[in-house]
Amino acid sequence: MIDRILELRNCLDDLVNEGRIDRGDANLLSGTPRTRDQALMHPLAFIASQNLDDPSRPGAKLTDEVLAQWLADKAKLPLYHIDPLKIDVAKVTSIISYAFAKRHNILCVEVNSEEVTIAVAQPFMEDWIPQVEQVSRRSVRKVVASPADIARYMVEFYSLSSSISGARGIGGQSTNVTNFEQLLELGTLKDPEANDQHIVNIVDWLLQYAFDQRASDIHIEPRREVGKIRFRIDGILHQVYEMPSAVTTAVVSRLKVLSRMNVAERRKPQDGRVKTKRADESEVELRLSTLPTAFGEKLVMRIFDPEVLLRSFNDLGLVGEDFAMWQKMMKSPHGIILVTGPTGSGKTTTLYSTLKLLATSEVNVSTVEDPIEMVEDSFNQTQVNPQIDFDFASGIRTLMRQDPDIIMVGEIRDLETAQMAVQAALTGHLVLSTLHTNDAPSAINRLLDLGVPSFLIKNTVLGVMAQRLVRTLCPHCKAEGKISTADWEALVQPWKAPVPKVIYEPVGCLECRNTGYLGRQGIYEILPMTQPVQKYVRNDTDISQLRLIAMKEGMRTLRLSGAQKIASGITTLEEVLRVAPPIDTQ
C-alpha cells in the first residue's frame, strides 16, 4: 500500500460523493481561510468542529464519532473507542515515545505478550509500523479512533506518565516516611513532595479525570508495592490507576496540604475540605477523609456537586403518590420526618432538596450536621465538633434558642439527640433527620430501641421514608428485553401487579462507557404515620405486623417502587434486586 496522508479537500470530496455532506458546505469549508489552530487540526476534527448536518441521517450531525466510523469503514479497520478507565497508561506509554506518537498521530491503547494495538488517525500511513514492531518485539494491530480523542489522550497519558516518572525520581530520602516526618519536626510547614510540580500535575489530572467520569468518590489506597486509585461511578467502584507507593504518599500529602489537614499526623484519621473548579469553571466541593492502614494513609474524597441542590424531585425519582405523601408531610407545621437508608443511598440529597423547597424568606431554616456536606446560602448550617463537646443534642438545644421554624439534624444516633428532636417537634418545630435502618418500619423500632417512649413517637413522627439509589438505563442504547412471570411476581409480592408488556435491558454505548447505565434515581418506601399505624406503635411492637398495617395504609415497599421504575423503562430487575432488600427479610 502506498502511504498517503488525509487532507481536508480529499476528505470533503469523499464525503460529498458518499452523500455525507452538502457540496455547498464542502466548498465553504475548503474555501474559507483557517486559523493557525484550525490548520493544525486533523481534517476530520476540523469538519466535526463545524457542527454540520449529515444529509444521510436527517436531524443528525457530523460528530467526531460519526466521522471516525466513516474513516474506519473507508480504511476497512475496526473503530476503537478510547476508554481511559480501561487503559493501562504505564504500559501503553512505554511502547512508543511521545515525540514518535505525536509525529505519526498514533496512540498505543493495548499491549499483550504478542501484539500492540495502535489507534490511528491517519490509517493510510504505515511507515511507522516496522519501527514499532522492532522496538516492541510484537506485531502491530491497527485500529481507527476519533482524531480528537487521540489528540486529547496522547497529551493526557504521556503527561501523566511523565509526572509519575518524575515524582518517582524525587529521591529515596524524601519519600521515606521517617525522614519526611523529621523534616516537618524541624519546622517545614509544607510537604516538599506535595509542592513538587510533578505531584501537582498528578493531583490536577486526578481531579479533572474524576469530574469527567462523573465520579462521586475517589479512593486512594496504599498497598505493599503500589497505590491503587479507584472511582465510584453510579455507585460502582472502578479501578483507574496504579502508582508507586512513594508517589501515592506524595499525592495524599499534597491533598492534605490543600485541605488544611495536619500533614505530619499520619497515625489518626483526619477530615478536610477542598473547593475547586471543573474545566467549565463550575465550582465543586470535595470532602476528604484519611484513615491509617497497614501500608500508609488511605484517602477518600467525596465529590459534592452544587447542582444537586438544583435538582427537582422528578429528577431524583420521587414522583406520583410517593411525592404527594412526602409533600403532605413536609408541609406540616411541626413534627418529625425521618429519612432512612445505608450510607450512599441519597438521604442527604433528599433532605437538602426538601430544605431548599422549604427555605423561603418567611421561615428560619437551621441545620446541625456532621459534617456540613454542601453549603447552601438559603439556610443556616452548623457543624458538630466533638472536641469541644458540641454534638447533635447540644446543637439542637442551641438552635431551639435561635427562633427556628425548621430544623434539620444530620443523624439521630443516640437517645439524647432523639429526645431533643422530639422536644423540638413538641414545641412547634418541623424536624427533619436521618436514621440508618433497612426500611421505613424499622425506623420506629430503632427509636424504641434508643429509649424514646412509644407515646412520644405517636405524637411527633409524621412519617418515615426509606430510600435506595438504582442505576438508570442509558437512554441512548437501552433495548427491549423480557422478564419472567415468576421473577416479576416475586418482586412485587404481596401485591398482584400485571407483568409489564415491555421492559428494557442494558446494552452499552459510548455515552455510558459500555455499561448500559447512565446516572441514578431513587426508589422510595414511605410510611405515613396514620391513625391505624399509630395505634400499633407500642413498646413491644412486632415489626412484621407494623409493616403489614403500613402497607394497608398505602406504603409501597422498596421493591414495589423499583418494579414501577422497571415497568417505566427506567431501570432493570437486576438493579432493584441489588439494592432493595426482600420483604420477608426487611
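About the criteria used
- Residues numbered from 1 in each chain as written.
- Predicted model: local features only at pLDDT ≥ 70, side-chain atom pairs only at ≥ 80, totals over all residues.
- Heavy atoms only, no water.
- Phe/Tyr/Trp six-rings, centres within 6.5 Å; stacked < 30°, edge-to-face > 60°.
- Helix = DSSP H or I, 4+ residues; strand = E, 2+ residues; numbered from the N terminus.
- Buried < 20%, exposed > 50% of the residue type's maximum accessible area, 1.4 Å probe, protein only.
- pLDDT = per-residue confidence, 0-100.
- Contact = heavy atoms within 4.5 Å.
- Polar contact = N/O pair within 3.5 Å; in protein donor to acceptor, adjacent residues only side chain to side chain.
- Pairing = 2+ DSSP bridges.
- Axes fitted to C-alpha atoms, helices over the stretch in contact; angles between N-to-C directions.
- Arc of directions from axis to C-beta.
- Salt bridge = Lys/Arg side-chain N within 4 Å of Asp/Glu carboxyl O.
- Core = buried A, V, L, I, M, F, W, Y, C linked by side-chain atoms within 4.5 Å.
- Parallel < 35°, antiparallel > 145°, perpendicular 65-115°, else oblique.
- Nonpolar A, V, L, I, M, F, W, Y, C, P; charged D, E, K, R; others polar.

1. Looking at the packing of aromatic side chains
- Enumeration over the complete set of coordinates arrives at 7 aromatic pairs.
- Between W205 and Y241, the aromatic rings sit 5.8 Å apart at their centres with planes inclined by 65 degrees, giving edge-to-face as the arrangement. With W205 in helix 11 (residues 197–212) and Y241 in strand 6 (residues 236–244), the pair connects residues that are 36 residues apart, well separated along the chain. The burial state of W205 is the same as that of Y241; both residues are buried.
- Pairing Y209 with F231 gives two aromatic rings, centres 5.5 Å apart and planes at 75 degrees, and the pair type is edge-to-face. Of this pair, Y209 sits in helix 11 while F231 is found in strand 5 (residues 226–233), placing the two residues 22 residues apart along the sequence.
- A relative accessible area of 0% places F231 in the buried class.

2. A few points about the confidence of the model for the chain
- Put simply, the chain has an average pLDDT of 87, and 94% of its residues get 70 or more.
- Taken element by element, the predicted model of the chain shows its lowest mean pLDDT in helix 10 (residues 177–185) (28) and its highest in strand 10 (residues 335–340) (97).

3. A short note on helix 16 (residues 392–399)
- Of all the 8 residues making up helix 16, 6 are buried; the element is thus mostly covered by neighbouring parts of the structure.
- Listing the buried residues of helix 16 in full gives F392, A393, S394, G395, I396 and L399.
- In this fold, the buried residues of helix 16 make contact with strand 11 (365–369), strand 13 (406–409) and helix 17 (415–426).
- The residue sitting at the N-terminus of helix 16 and contributing the capping side-chain oxygen is D391; that oxygen lies 3.4 Å from the backbone nitrogen of A393.

4. Re the sheet that holds strand 6
- Here we have 6 strands laid out as an open sheet, ordered 6-5-4-9-8-7, and antiparallel in their pairing. Strand pairing shows two members of the sheet lacking a second neighbour, strand 6 and strand 7 (270–277), which therefore form its edges. Neighbouring strand axes in the sheet, compared pairwise and without regard to direction, differ in orientation by 20 degrees on average.
- Pairing between strand 5 and strand 6: 8 bridges, direction antiparallel. Counterpart to G227 in the pairing with strand 6 is M243.
- With respect to the sheet, helix 12 (residues 245–258) is in contact with strand 4 (215–222), strand 5, strand 6, strand 7, strand 8 (283–293) and strand 9 (296–304), its orientation differing from that of strand 6 by roughly 110 degrees.

5. Observations concerning the environment of M420
- Take M420: it is sitting in helix 17.
- When the C-alpha atoms of M420 and G31 are compared, they prove to be 75 Å apart, with 389 residues separating the residues in sequence.

6. As for helix 22 (residues 543–552)
- Every buried residue of helix 22 is listed here: I543, L546, R547, A550 and M551. Here the buried residues of helix 22 occupy an arc of 135 degrees about the axis, which is enough to place them on one side.
- For helix 22, the secondary structure elements touched by its buried residues are helix 18 (440–450), strand 18 (517–528) and helix 21 (531–536).
- Of the residues flanking the start of helix 22, the one acting as N-cap is D542, its side-chain oxygen 3.0 Å from the backbone nitrogen of S544.
- Backbone geometry just downstream of helix 22 places G554 in the positive-phi region, at approximately 115 degrees.

7. Structural notes on the pattern of salt bridges
- Inspection of the entire model under this criterion finds 28 salt bridges.
- A salt bridge links R267 to E265; the shortest N-O distance between them is 3.0 Å.
- Judged by relative accessible area, which is 11%, E265 ranks as buried.
- R397 is paired through a salt bridge with E416; the nearest N and O atoms lie 3.0 Å apart. With R397 in helix 16 and E416 in helix 17, this pair connects stretches of sequence that are 19 residues apart.
- Through salt bridges with shared partners, a single network forms among E221, R223, R230 and K298.

8. Structural notes on the nonpolar core
- Among the nonpolar cores identified, the biggest contains 89 residues, and I47, I82, I218, I220, F231 and M301 are the most heavily contacted of them.
- Aside from chain neighbours lying at most four places away, what touches F231 is L85, L206, Y209, A210, Q213, A215, D217, I218, I236, L237, H238 and V240.
- Core analysis: the second largest hydrophobic core is formed by 42 residues, I412, L447, L450 and V452 among them.

9. Overview of the packing of helix 20 (residues 485–492) against helix 23 (residues 558–567)
- Contact pair helix 20 / helix 23: the axes reach a minimum separation of 8 Å and the direction vectors enclose 135 degrees. When the axes of helix 20 and helix 23 are compared, the pair comes out oblique. Between helix 20 and helix 23, the residues in contact are W488, L491 and V492 and R559, L560, A563, I566 and A567, respectively.
- Each residue belonging to the contact of helix 20 with helix 23 can be placed in one class, and the counts come to 7 nonpolar, no polar and 1 charged.

10. Description of the side chain of T571
- Note on placement: T571 falls in the loop between helix 23 and helix 24 (573–579).
- Its relative accessible area of 0% is what places T571 among the buried residues.
- A polar side-chain atom of T571 sits 2.8 Å from the main-chain carbonyl oxygen of R471.
- When near neighbours in sequence (up to four residues on either side) are disregarded, T571 contacts V470, R471, L473, Y504, G562, K565, I566 and V576.

11. With respect to the pairing of strand 1 (residues 106–111)
- Within strand 1, 5 of the 6 residues are buried, which leaves the element mostly enclosed by the surrounding structure.
- In this sheet, strand 2 (residues 115–120) lies alongside strand 1 in antiparallel orientation, the contact comprising 5 bridges. Paired with I106 across the bridge in strand 2 is V120.
- Following strand 1, the chain reverses through 3 residues before pairing antiparallel with strand 2.

12. Here's the deal with the environment of L469
- One can find L469 in strand 15 (residues 461–473).
- Through-space distance from the C-alpha of L469 to that of T348 is 12 Å; in sequence the pair is 121 residues apart.

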